[in-house]
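# Structural description and commentary
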Amino acid sequence: MTTVTTRTIAYPADGLTMVGHLALPAGADRRPAVLVGPEGPGLNDFQRRRADALAELGYVALAFDINGGRWYTDPEEMLARVLPLLADPDRMRAIGHAALDVLRAEPRTDPDRIAAVGYGTGGAIALELGRDGVDLRAIGTVNGLTTGRPGEAARIRCPVWAGVGSADPIMPSAQREAFTAEIEAAGVDWRLVVYGGALHAFHHPPVDQAVVPGVGYHPRHARRAWRDVVDLLAECVPLTECPPVTERPLVPE
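Notes on the structure in this doc start here. (Residues numbered from 1 in each chain as written. Predicted model: local features only at pLDDT ≥ 70, side-chain atom pairs only at ≥ 80, totals over all residues. Heavy atoms only, no water.)

### What about the packing of aromatic side chains?
Going through the model one piece at a time under the given rule, you end up with one aromatic pair. In this structure, Arg50 packs its charged tip against the face of Tyr119, placed 3.5 Å from the ring centre. (Phe/Tyr/Trp six-rings, centres within 6.5 Å; stacked < 30°, edge-to-face > 60°. Lys NZ or Arg CZ within 6 Å of the ring centre and 35° of its normal.)

Rendered as structure tokens:
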């Protein structure tokens, strides 16, 4: 396991002071970089460990914030924050751009090799960066199969990988079909993986708090989705000194 350096970075976005988590791999050279977007409740230690795991592989990784340093424990409060955000592409893009600016400002980041991976709301933000024409090498979204404004998906300039649970009531088959129809019509290089029997947020270990209906952890599919994300990055933003695929870390737990 390589040495990883981490630090907290505060930056403004959406009228809030966001608190991101930057993870740097060993060395002093420029490396490919990954934006890591969190679920609706916010940024917690699990998402921070995602960034750390990517840094162990050799990427510069920024787990960005969407709630001004807050983790919502009340589902109703979380929805009151997240639903208006998901309905406003410009706000999502502004949050994504602010995080992207932080990542690009890091001297270790290769600005020409950046990917965005997000979960739930963070995945929707990653997609909106693509629809805004941002030069990304890959976009990955788990449980965030949102559709955008008409025609804007044609501005996506990189492959898109998406993962969703087959039993997810928040991202049902109609939502999956609308998403894939939009991406297909735009001529984007896309893939969708449907994980059988998985609910919404299947990738996140259980939390000791109330959650919205339809959320549930599926450890086997969580590991598979993490491997799929790592494979996407290996294909689209390869490392010059990449560890053998058998040595990649398991899903953060």
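### Describing the nonpolar core
Residues Tyr11, Leu35, Phe64, Leu103, Leu136, Ile139 and Ile156 are the most contacted members of the largest nonpolar core, which totals 41 residues. The leading source of residues in this core is helix α3 (residues 89-105), at seven residues. The residues contacting Tyr11, other than those within four sequence positions of it, are Leu16, Thr17, Met18, Gly20, Phe64, Asp65, Ala98, Ala99 and Val102. Of all hydrophobic cores here, the second largest spans 30 residues; its members include Ala23, Leu43, Ala115 and Tyr119. (Core = buried A, V, L, I, M, F, W, Y, C linked by side-chain atoms within 4.5 Å. Buried < 20%, exposed > 50% of the residue type's maximum accessible area, 1.4 Å probe, protein only. Helix = DSSP H or I, 4+ residues; strand = E, 2+ residues; numbered from the N terminus. Contact = heavy atoms within 4.5 Å.)

### Concerning a positive patch on the surface
Together, Arg220, Arg223, Arg224 and Arg227 line one region of the surface with positive charge. Within the fold, Arg223 resides in helix α6 (residues 219-236). (Patch = residues over 30% accessible without salt bridge, like charges linked within 9 Å, V, L, I, M, F, W, Y side chains within 5 Å. Areas by Shrake-Rupley, 256 points an atom, 1.4 Å probe, with all protein chains shown as cover. Salt bridge = Lys/Arg side-chain N within 4 Å of Asp/Glu carboxyl O. Lys, Arg positive; Asp, Glu negative; His and termini not counted. Charge placed at Lys NZ, Arg CZ, Asp CG, Glu CD.)

### Some remarks on the packing of helix α1 (residues 45-57) against α6
Following both chains from N to C, one finds α1 and α6 inclined at 45°, their axes separated by 12 Å at the closest point. Judged by the inter-axis angle, α1 sits oblique to α6. For the pair α1 and α6, the sense of crossing is right-handed. Here Arg50, Ala53, Leu54 and Leu57 of α1 come into contact with α6, specifically with Trp226, Val230 and Leu233. Broken down by class, the residue content of the contact of α1 with α6 amounts to six nonpolar, no polar and one charged. (Axes fitted to C-alpha atoms, helices over the stretch in contact; angles between N-to-C directions. Parallel < 35°, antiparallel > 145°, perpendicular 65-115°, else oblique. Left-handed = near helix turned anticlockwise from the far one by under 90°. Nonpolar A, V, L, I, M, F, W, Y, C, P; charged D, E, K, R; others polar.)

### Points about the environment of Leu145
By secondary structure assignment, the location of Leu145 is in the loop between β6 (138-142) and β7 (160-165). Accessibility expressed as a relative area gives 0% for Leu145, which makes it buried. Taking the C-alpha atoms as reference points, Leu145 and Gly120, 25 residues apart in sequence, are found 8.1 Å from one another. Beyond its immediate sequence surroundings of up to four residues, Leu145 is in contact with Ala162, Gly163, Val164, Met171, Gln175, Arg176, Phe179 and Leu192.

### A word on the environment of Glu182
Tracing the chain through its elements places Glu182 in helix α5 (residues 173-185). A C-alpha to C-alpha distance of 9.7 Å links Glu182 and Arg149, two positions 33 residues apart in sequence. Those residues within four positions of Glu182 in sequence are excluded, and the remaining contacts are Arg131, Thr146, Thr147, Gly148, Arg149 and Ala153. Polar contacts involving the side chain of Glu182 include one to the main-chain amide nitrogen of Gly148, which spans 3.0 Å. (Polar contact = N/O pair within 3.5 Å; in protein donor to acceptor, adjacent residues only side chain to side chain.)

### Regarding the pairing of β6
Where burial is concerned, most of β6 is hidden: five out of the five residues are buried. Neither face of β6 is exposed, since Ala138, Gly140 and Val142 on one face and Ile139 and Thr141 on the opposite face are all buried. As paired strands, strand β5 (residues 109-119) and β6 are joined by five bridges and run parallel to one another. Residue pairing in the sheet places Gly118 in a bridge with Thr141 of β6. Following the backbone out of β5, through helix α4 (residues 121-131) and into the adjacent parallel β6, one traces a crossover that is right-handed. (Pairing = 2+ DSSP bridges. Right-handed = clockwise from strand over helix to strand, strands pointing away.)

### Some words on α4
Judged by how many residues are buried, α4 sits mostly within the fold: eleven of eleven residues are covered. Of the positions making up α4, those classed as buried are Thr121, Gly122, Gly123, Ala124, Ile125, Ala126, Leu127, Glu128, Leu129, Gly130 and Arg131. Gly133 sits one or two residues past α4 and shows a positive phi near 85°.

### With respect to the sheet that holds strand β4 (residues 60-63)
Pairing within the open sheet is mixed, and its eight strands lie in the order β1-β2-β4-β3-β5-β6-β7-β8. At either end of the open sheet lies a strand with only one pairing partner, and these are β1 (5-13) and β8 (190-195). The mean inter-strand angle of the sheet, taken between neighbouring strand axes irrespective of direction, is 20°. Note: strand β2 (residues 16-24) against β4, three bridges, orientation antiparallel. Directly across from His21, in β4, lies its bridge partner Ala63. Each of β7 and β8 touches α5; the most contacted strand, β8, lies at about 165° to it.

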